[in-house]
Structures are given as structure tokens and as C-alpha cells.
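Structure at a glance
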Amino acid sequence: MAQTEQIKFSVNQWTHLYSLTQAIQHQADNSGRSLLIEGQLPATPLPADSIRLGFIHSTETPFYGQTENGQIQLGLVQLENKQLTGEIHVADDVFNELKKNLIEYADIEGIHIIFNLQLTSGPQVQQWQIIQLDYAMKGDR
């Protein structure tokens, strides 16, 4: 049976890339639009100390597979050089809401964007399936 882990991290840095050249070249799948977040993993049972998670904009509703337990698999993260790296394909409204929240709240002093991921073991060693992803804005007070 797959083992489930939960990790929390604050967004240290985010990058929104919109490349007109990529958008023109990949107009059919809009792969020129992406959002990348990075964070440190202070205390996690996984052998990683940082995470890098990319959100890829999709003009159509992406297909999400299921785990062996029937949970929705949002994406995969893999371990490489003590860093978890992965991608999640998301539809217009999800992508735009996440981007809006990052832009609105990331630069307000005292506000931290906290991501909470629930992972389950993947089919390969050093790979986990993302089965839950929540985020919230948290103040220092």
C-alpha cells in the first residue's frame, strides 16, 4: 500500500513567464504560459530541503489520472539533488486565480503564502503523486 506524506512550505519566490514567442509557436496548447513557485522545506519526512513546482496553463480542462486508491492525481514530483520538482497542468480559471493571488499577496509585508501538499508514493522510486494541494495566505499577527 502507498504511503502518504504531507508537506507544508511558504512560497519564497515565484515567477510568471509569458513568452510571446513561445505562445505563438505553441498556440494550440498555450505552453508559453507558466507559473513557477519555489519554497524551502524546513521539516519534512522526505529527503528534500526545497521544492520547485510549475503550474502549466491549459486552455482545456486537463486530464487527471487516479492513484491506485482512486484519488485524483494532480501531478508528480520527483526528487533530484535534495529538491522536489514537478508540474501541474491547470485550466484557465485555476491558473488565473493562483496568479492573481500570488501577485496580490506575495509582496505585502507580513503575509506568507503557505502551500500544503499531500503526496503518495509513485510508481517509481523517488517519485510522489500529488493528491491534494491547498494554499492560504497567512499573516504574521
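Throughout what follows, the structure given in this document is the object of discussion. Predicted model only: the values in this text are computed from it and were never measured.

**Regarding the environment of Ile 113**
- Structurally, Ile 113 is set in strand E8 (residues 111–121).
- In this structure Ile 113 comes out as buried when scored by relative accessible area, which is 6%.
- Taking C-alpha positions, Ile 113 is 4.6 Å from Met 137, a pair spaced 24 residues apart along the chain.

**A few points about the packing of aromatic side chains**
- Tallied over the full model, the rule gives two aromatic pairs.
- Each ring, one from Phe 55 and one from Phe 115, has its centre 6.4 Å from the other, and the planes form 40°; the classification is tilted. A residue pair is termed long-range when its members are at least 10 positions apart, and Phe 55 in strand E3 (residues 50–58) and Phe 115 in strand E8 qualify at 60 residues. Considered together, Phe 55 and Phe 115 belong to a single accessibility category, that of buried residues.

**Points about the nonpolar core**
- In this structure, Leu 53, Phe 55, Leu 84, Phe 115, Leu 117 and Leu 119 are the most contacted members of the largest nonpolar core, which totals 26 residues.
- Taken together, the elements giving at least two residues each to this core come down to strand E1 (4–18), strand E2 (33–40), E3, strand E6 (75–80), strand E7 (83–91), helix H2 (92–105), E8 and strand E9 (127–139).
- Ranked by residues supplied to this core, first place goes to E8 with four residues.
- Those residues in contact with Leu 117 that sit more than four places away from it in its chain are Glu 5, Gln 6, Ile 7, Phe 9, Ile 51, Leu 53, Ile 130, Gln 132 and Leu 133.

**So, the pattern of salt bridges**
- Enumeration over the complete set of coordinates arrives at two salt bridges.
- Two residues, Arg 52 and Glu 38, come together in a salt bridge whose shortest N-O distance is 2.3 Å. Of this pair, Arg 52 sits in strand E3 while Glu 38 sits in strand E2, and the two are 14 residues apart along the sequence.
- A relative accessible area of 32% means that Arg 52 is categorised as partly exposed.
- Among the residues examined, Glu 38 registers a relative accessible area of 16% and is labelled buried.

The rules we used
Throughout, a residue's number is its position along its own chain's written sequence, starting from 1. Owing to the predicted nature of the model, reporting of local features is limited to residues with pLDDT of at least 70; listing and counting of side-chain atom pairs is limited to 80 or more, with chain, interface and lining totals taken over all residues. Side-chain metrics in this entry use all non-hydrogen atoms of the structure; hydrogen atoms and water are not considered. Only runs of H or I of at least four residues qualify as helices and only runs of E of at least two qualify as strands under DSSP, and these elements are numbered from the N terminus. To sort residues, take the accessible area from a 1.4 Å probe on protein chains only and compare it with the maximum for the residue type: under 20% means buried, over 50% means exposed, and anything in between is partly exposed. Centres within 6.5 Å make a pair out of two Phe, Tyr or Trp rings, where for Trp the six-membered ring is used; the pair is then stacked when the planes are under 30 degrees apart, edge-to-face when over 60, and tilted otherwise. Only buried residues count toward a nonpolar core. Its members are Ala, Val, Leu, Ile, Met, Phe, Trp, Tyr and Cys residues joined through side-chain atoms within 4.5 Å. Contacts are assigned to residue pairs with any non-hydrogen atoms lying within 4.5 Å of each other. When a carboxyl oxygen of Asp or Glu lies within 4 Å of a side-chain nitrogen of Lys or Arg, that pair is called a salt bridge.

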